[in-house]
Amino acid sequence: MAPGEKIKAKIKKNLPVRGPQAPTIKELMRWYCLNTNTHGCRRIVVSRGRLRRLLWILFTLTAVALIFWQCALLVASFYTVSVSIKVHFQKLDFPAVTICNINPYKYSVVRDLLADLEQETRVALKTLYGFPENTSRRRREAESWNSDWEGTRPKFLRLVPLMAFSQDETGEARDFVTGRKRKFSGRIIHKASDAVHVHGSKEVVGFQLCSNDTSHCALYTFSSGVNAIQEWYKLHYMNIMAQVPLEKKINMSYSAEELLVTCLFDGVSCDARNFTLFHHPMYGNCYTFNNRENETILSTSMGGSEYGLQVILYINEEEYNPFLVSSSGAKVIVHRQDEYPFVEDVGTEIEPAMATSIGMHLTESFKLSEPYSQCTEDGSDVPISNIYNAAYSLQICLHSCFQTKMVEKCGCAQYNQPLPPAANYCNYQQHPNWMYCYYELHQAFVREELGCQAVCREACSFKEWTLTTSLAQWPSVVSEKWLLPVLTWDQGQQIKKKLNKTDLAKLLIFYKDLNQRSIMESPANSIEMLLSNFGGQLGLWMSCSVVCVIEIIEVFFIDSFSIIARHQWQKAKEWWARRHAPPGPQGQDNPGLDIDDDLPTFTSALRLPPAPGTQVPGTPPPRYNTLRLERAFSDQLTDTQIPAES
């Protein structure tokens, strides 16, 4: 570059440029504060005094911090919902109603299958309650046990031994088979129980479960012998019934004609043909009314007991299993047509010799899915296989997860739930330690260690019937004289005995009114509302608009980055020029042009202070002696000569 061009470039470079093209970030910020419409920034620059300037800096930064805080709260609360409740008065579809007898199978039919189990159960009960308290109790108990088991070998008690465990003596338990105390090592798990204690002492009753190699054992204790016996009996009962074919179990349970004595819906007569068979492992044959069998759903156009379902049920308490069932009656559950009826979890019990009226209110809920909540539309995005032939629900997911874990850990499925694909129900012959595995898995499920509660999610839409139950004595004393003989005559082919009031129960299920309540979630915010709230916060704290925000982005990000990039690029160019400059001969360049790399501009030169000890030169006074004629001309030109006077 020529020396003149170099001087021009340096002069142009050092000219005081203002605005977005300022040479430094400090000049850029000063220009922005003087020209922006945002309040507070200009006061930082034009305020006189450090205190005022410091206060305005503090106020401005506080306002900016509040804006960021409020905007962060708006963004965090964007995915919130508002709930609206609507009440409709319209004709309502009647729900599906599943009815089960509490006793799953007729006792006269299953007695042969349970004969050995019942014998050992009766002996265990005799051991617990059959002897008076006296000083020779231990000797008499040992003698009685030996006489009770004489000639027989207890199969179930040796497989899962019942024990009496004293709370004062740790590490020892009394075996029901031998009557002797033996050392016990393992975990003790106390189950919730009634307030009835064995002999009024501090003893608790339980049973021992061990793994295959008997290296891991657990003693499940109950402070009530009744609960211990029932739980122990139920385990063996499930093991026995798991080996019985389904068709045989259906034949051992109650038929629809036996269970349903009379039926009336919406003032129209109905019978067993309007009910669909549903076999439950623990409740036997259950029957569902209005199960959409013919792709039609019954509805009701009026509220009240006269326009609902009315049935009379035959309980037949004489056929009850005394060790499996301790109450009599039936269970009923109201559910959707495509929903699995969990009778054991949410069923309502119907008492014999009573008329049970159940009034319903329908509530339909609709929730928003992600990102508003963790609910699922149909369960397809839940990593748990639905083993039920029914629509997805949280309860189905939890039970499916437990059954799947049961098959993985124990090699078999729990008897009281449907079977997963390619699985069998647990039994002693194929799975000797399934009881220990089941109880351990159940404890882990309760402690939420299986991960089912974390994986399963609630359904986004569901129907719920709120039930109101009332009871009345039925039949009355005056009506039973004619009502029971008529029912006995009507059911003469199915029930070959004279009916009494304790054999029957009446059930009425109806809508109390036709008001359907819908609970719906809707987004509480939208993009338009979010932007409006942002504008309100900006205007409140700094009187700023969207254009001011764009200006801030341009100045603080684009222009600042450009200045930094320009400085870095200039440094890189200078470094590159110094590195690749060819070495020249000494004295070739004009040293006068390279003495000062930063030549002063006109403006900067005016700002330079005078050198110390020097005086600024002024205009000198004129020297008049320079006008004086020093000497006369000695020679004069001829043409300038003056002629002499004559």
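What you see is a predicted model; the values in this text were computed from it and never measured.

## Let's talk about the overall build of the protein
Along the backbone of the protein there are 19 helices and 21 strands. Taking all 646 residues of the protein together, 40% fall into the buried category. If you take every contact in the protein between residues at least 6 apart in sequence, the share linking residues at least 24 apart comes to 75%. Working note: accessible area of the protein is about 38,700 Å², and carbon and sulfur atoms make up 55% of it.

## Points about the state of the cysteines
Counting across every chain of the model gives seven disulfides. Residue C263 pairs covalently with C270 via a disulfide, S to S 1.7 Å. Since a negative S-S torsion denotes a left-handed disulfide, the C263-C270 link at about -80 degrees is left-handed. In this model C410 forms its disulfide with C437; the gap between the sulfur atoms is 1.7 Å. Classification of the bridge connecting C410 and C437 rests on its S-S torsion, roughly -85 degrees, and on that basis the disulfide is left-handed.

## What about the packing of aromatic side chains?
Applying the stated rule across the entire model yields 24 aromatic pairs. A centroid spacing of 6.5 Å and a plane angle of 15 degrees characterise the contact between Y233 and Y237, whose relative ring orientation is stacked. Of the two residues, Y233 and Y237 both sit in helix 9 (residues 225-241), four residues apart, roughly one turn of that helix. Here F278 and Y340 contribute two aromatic rings whose centre-to-centre distance is 5.4 Å and whose plane-to-plane angle is 85 degrees, an arrangement assigned as edge-to-face. Of the two residues, F278 is situated in strand 12 (residues 275-280) and Y340 in the loop between strand 16 (330-335) and helix 12 (343-346); the sequence distance between them amounts to 62 residues.

## Remarks on the sheet that holds strand 16
Strand order in the open sheet made by the five strands is 12-13-3-16-17, with antiparallel pairing throughout. Both edges of this open sheet fall to strand 12 and strand 17 (348-350), since each of them pairs with a single strand only. Averaged over all pairs of adjacent strands, the angle between their axes in this sheet comes to 30 degrees, without regard to strand direction. By the bridge criterion, six bridges tie strand 12 to strand 13 (residues 284-289) in an arrangement that is antiparallel. Bridge pairing links L277 to Y287 in strand 13.

## A closer look at unusual backbone geometry
A negative phi angle is the norm for most residues apart from glycine, just as the trans form is the norm for most peptide bonds. Of note, the amide linkage connecting E370 to P371 takes the cis form, showing an omega dihedral of 5 degrees. By the secondary structure assignment, P371 is in the loop between strand 18 (354-366) and helix 13 (394-410). Within the chain, N316 stands out as a residue other than glycine whose phi angle is a positive 55 degrees. Within the secondary structure, N316 sits in the loop between strand 15 (309-314) and strand 16. One non-glycine residue, E448, adopts positive backbone phi at about 60 degrees. One can find E448 in the loop between helix 14 (434-446) and helix 15 (452-455). E448 sits in the exposed class, given a relative accessible area of 54%.

## Here we look at the UniProt feature "transmembrane region" (unreviewed entry) in the protein
Taking the UniProt record as the reference, the feature "transmembrane region" (unreviewed entry) is found at residues 54-79. Between the first and last C-alpha atoms of residues 54-79 the distance is 39 Å; the span itself is 88% helix and 0% strand.

## Notes on the side chain of Q310
Within the secondary structure, Q310 is located in strand 15. Looking at Q310, its side chain comes within polar contact range of the main-chain oxygen of S305, at 3.1 Å. With residues up to four places along the chain from it excluded, the contact list for Q310 reads T262, C263, L264, S305, K506, L507 and L508.

## Let's talk about the side chain of S365
Structurally, S365 is set in strand 18. Overall, the relative accessible area of 10% leaves S365 in the buried class. Setting aside residues up to four positions removed in sequence, S365 forms contacts with C460, S461, F462 and I519.

## Here's the deal with helix 4 (residues 50-76)
Over its 27 residues, helix 4 extends 39 Å from the first C-alpha to the last, a length consistent with the 39 Å expected when each residue adds 1.5 Å. Among all positions of helix 4, only T60, A63, I67, C71 and L74 are buried. At its buried positions, helix 4 is contacted by helix 3 (41-46) and helix 17 (527-542).

## Some remarks on the pairing of strand 3 (residues 96-101)
In terms of burial, strand 3 is largely enclosed, as six of its six residues are buried. Side-chain alternation along strand 3 places A96, T98 and C100 on one buried face and V97, I99 and N101 on a second face that is also buried. Where strand 3 lies against strand 16, six bridges are found, and the strand directions are antiparallel. Bridge pairing in strand 16 places C100 opposite K331. In the sheet, strand 3 pairs with strand 13 via four bridges, with the strands oriented antiparallel. Note that in strand 13 the partner of C100 across the bridge is C286.

## Examining the environment of L54
Considering the arrangement of structural elements, one finds L54 in helix 4. The exposure class of L54 is exposed, given its relative accessible area of 53%. When the C-alpha atoms of L54 and I44 are compared, they prove to be 7.7 Å apart, with 10 residues separating the residues in sequence.

## Examining the nonpolar core
Core analysis: the biggest nonpolar cluster contains 99 residues, and F94, I99, F207, W232, L309 and W434 have the highest contact counts within it. Grouped together as the second largest cluster of nonpolar side chains are 11 residues, V261, Y314, L487 and I495 included.

## Some details on the pairing of strand 21 (residues 515-523)
The pairing of strand 1 (residues 81-89) with strand 21 spans nine bridges and is antiparallel. Of the residues in strand 21, the one forming a bridge with V81 is P523. Pairing analysis gives four bridges linking strand 18 to strand 21, with the strands arranged parallel. Bridging from a neighbouring strand, F366 pairs with M520 of strand 21.

The rules behind these values
- Residues numbered from 1 in each chain as written.
- Predicted model: local features only at pLDDT ≥ 70, side-chain atom pairs only at ≥ 80, totals over all residues.
- Heavy atoms only, no water.
- Helix = DSSP H or I, 4+ residues; strand = E, 2+ residues; numbered from the N terminus.
- Buried < 20%, exposed > 50% of the residue type's maximum accessible area, 1.4 Å probe, protein only.
- Contact = heavy atoms within 4.5 Å.
- Areas by Shrake-Rupley, 256 points an atom, 1.4 Å probe, with all protein chains shown as cover.
- Disulfide = S-S within 2.5 Å.
- Phe/Tyr/Trp six-rings, centres within 6.5 Å; stacked < 30°, edge-to-face > 60°.
- Pairing = 2+ DSSP bridges.
- Axes fitted to C-alpha atoms, helices over the stretch in contact; angles between N-to-C directions.
- UniProt positions renumbered as here; feature names shortened; annotations may be inferred.
- Polar contact = N/O pair within 3.5 Å; in protein donor to acceptor, adjacent residues only side chain to side chain.
- Expected span 1.5 Å × (residues − 1).
- Core = buried A, V, L, I, M, F, W, Y, C linked by side-chain atoms within 4.5 Å.

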